[in-house]
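So the chains spell out like this:
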Amino acid sequence: MSTKRKVSVIGLGYVGLTTAVAFGQLGKVIAFDLNPVRIKELNDGHDSNEEVSDQDIKSASVYYTGDSECLKEADFHIISVPTPLDHTNHPDLSSLLGATQTLAKCLKKGDIVVYESTVYPGETEEKCIPLLQKISKLEYKKDFTVVYSPERINPGDKDHTFFNIIKIISASDEKTLTIASEVYKEVISAGVFPVSSIRVAEAIKIIENIQRDINISYMNEIAILLHKLGIDTAEVIEGMKTKWNYLAFKPGLVGGHCISVNSYYLLHKADQVGYRAELIMAAREINEDIVKFIAEQTIKQLIRAGVMVNTARIAILGITYKENCSDLRDTRVIDIIKELAAYGVKTLVHDPIADPPAVKEEYGIDLIPWDELNKLDAIIITVAHKFYIKLDKNELKNKLNRPSVIMDIKEIINKKDFADSGIIIWKL
Ligand SMILES: NC(=O)c1ccc[n+]([C@@H]2O[C@H](COP(=O)([O-])OP(=O)(O)OC[C@H]3O[C@@H](n4cnc5c(N)ncnc54)[C@H](O)[C@@H]3O)[C@@H](O)[C@H]2O)c1
């Protein structure tokens, strides 16, 4: 590497593996993860998340290890471990603080510690840096320095990738900012965007995600209202698109470990400083409640179609948290399944990408193979995987009884193709 820094990556999930493999094209990278199963599969040359190709793993010079002592070989350590919520919707920083402790034990004079995990403004300086100092017995800014550079990758998106998304960079001091910028510029063709402080960088990441949460909640609120008014939401959106300052948001489920989680992270921080962030709270509530609306509407449409609700065969198409990505964490589809179960309605779940054992382990659900989905009374299209978008309309029709219902949450069905078919098409 021309910058002469030796990179280590701690936490080899969607973000960490992508980062390790990118730097591994330039020189040797030490890649550490707590999970021995993950280390084994990466040493076998495969990423079960399907985010990094076998070819890219093979061509990168990355040493995958579960031995934290190896981190001593590096001097530019990138931490990319999960920052989820606990069961009360508060930040669960256990992985982040755990990784910080592990690294602190290996820290040397001159090292740079980079945090890429998403956190609330202030977290790095208030929690991580004191822990690094305490355990390493080294002095912050004198013996080691810190960078905060949030990752903005979008798994499953082949257009916006690690390489072409501008990297926000902040650091404890100007010299470290320059070094980190140079290191990242070696792998990120879009370049870097340095900002004045770690808190600003933390805020950028979290607030850009919350902006999406709020905008989607507005569309969800509007969708519910337009249903009550008997107005087609999709047609309204088509009309809105003709204005120059239209914002491209659609109603839908807000799942995943980024957008909704980030709102709760900022709400936690707002609470600490005694501020009620009303809009963010309202957005969260609306986006969580959209699940109930979809489940209720499914029941209503089945009754309208004259189908016996209790015995209806209902297929859920897609269980991952978003399209073309196998990630199951914080999927809101599970809430639709539970909500329908509360009405005594069973569902048959299909997903072309999700790993069946992982679905079973995480949610206790056995995925149904595509060919076994037949004689259905309803289909709920919950995730717009390419597999579903490419489906021939006749294949879908053949899976359904008459009368029946398609709940097209993802707007992938052309209503005209189903005119006079005996199938009710419902859209959000
Ligand atoms: N996945 C995304 O789309 C995405 C995008 C941008 C930012 N982020 C943020 O990046 C961070 C990482 O997310 P991810 O999706 O890559 O996580 P992930 O769950 O896919 O992977 C995390 C990895 O870290 C490992 N790990 C956990 N604790 C550890 C520890 N103490 N020491 C070493 N390894 C440990 C786990 O075994 C796992 O392999 C999070 O803060 C997330 O919010 C994620």
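One can find the structure itself at the top, above this paragraph.
Here we summarise the structure given alongside this text. (Residues numbered from 1 in each chain as written. Predicted model: local features only at pLDDT ≥ 70, side-chain atom pairs only at ≥ 80, totals over all residues. Heavy atoms only, no water.)

What follows is about the pattern of salt bridges. A side chain with one charge can pair with a side chain of the opposite charge if their charged atoms come near. Using the criterion set out here, one finds 24 salt bridges in the structure. The partner of Asp47 in a salt bridge is Arg38, and the shortest N-O contact between them spans 2.9 Å. The exposure class assigned to Asp47 is buried, which follows from its relative accessible area of 1%. The partner of Glu288 in a salt bridge is Arg284, and the shortest N-O contact between them spans 3.4 Å. Taken together, the positions of Glu288 and Arg284, both in helix H10 (residues 278-305) and 4 residues apart, correspond to about one turn of that helix. Under the relative-accessibility criterion, Glu288 is labelled partly exposed at 36%. Through salt bridges that share partners, Glu125, Glu126, Arg199 and Lys269 make up one connected network. (Salt bridge = Lys/Arg side-chain N within 4 Å of Asp/Glu carboxyl O. Buried < 20%, exposed > 50% of the residue type's maximum accessible area, 1.4 Å probe, protein only. Helix = DSSP H or I, 4+ residues; strand = E, 2+ residues; numbered from the N terminus.)

Strand order in the open sheet formed by 5 strands is S10-S9-S11-S12-S13, and the pairing between neighbours is parallel. The open sheet has two edge strands, strand S10 (347-350) and strand S13 (423-427), and neither has a second partner. For this sheet the average axis-to-axis angle between neighbouring strands, irrespective of direction, equals 15 degrees. Here strand S9 (residues 314-317) pairs with strand S11 (residues 376-381) via 4 bridges, running parallel. Within the sheet, the bridge partner assigned to Ala315 lies in S11 and is Ile379. (Pairing = 2+ DSSP bridges. Axes fitted to C-alpha atoms, helices over the stretch in contact; angles between N-to-C directions.)

Taken together, the 8 strands give an open sheet; going across it, the order is S3-S2-S1-S4-S5-S6-S7-S8, and neighbouring strands pair in mixed fashion. The open sheet has two free edges, formed respectively by strand S3 (62-65) and strand S8 (192-194), since each of these has just one partner strand. Pairwise comparison of adjacent strand axes, ignoring direction, gives a mean angle of 25 degrees for this sheet. One ladder, built from 4 bridges, connects strand S4 (residues 76-79) with strand S5 (residues 112-115); its direction is parallel. If you follow Ile79 over to S5, its bridge partner there is Tyr115. In the packing of helix H1 (residues 14-24) onto the sheet, contacts are made with strand S1 (7-10), strand S2 (29-32), S3 and S4, and the angle to S3 comes to roughly 145 degrees. Docked against the sheet, helix H4 (residues 94-104) engages S1, S2, S4 and S5, running at close to 160 degrees with respect to S4. (Contact = heavy atoms within 4.5 Å.)

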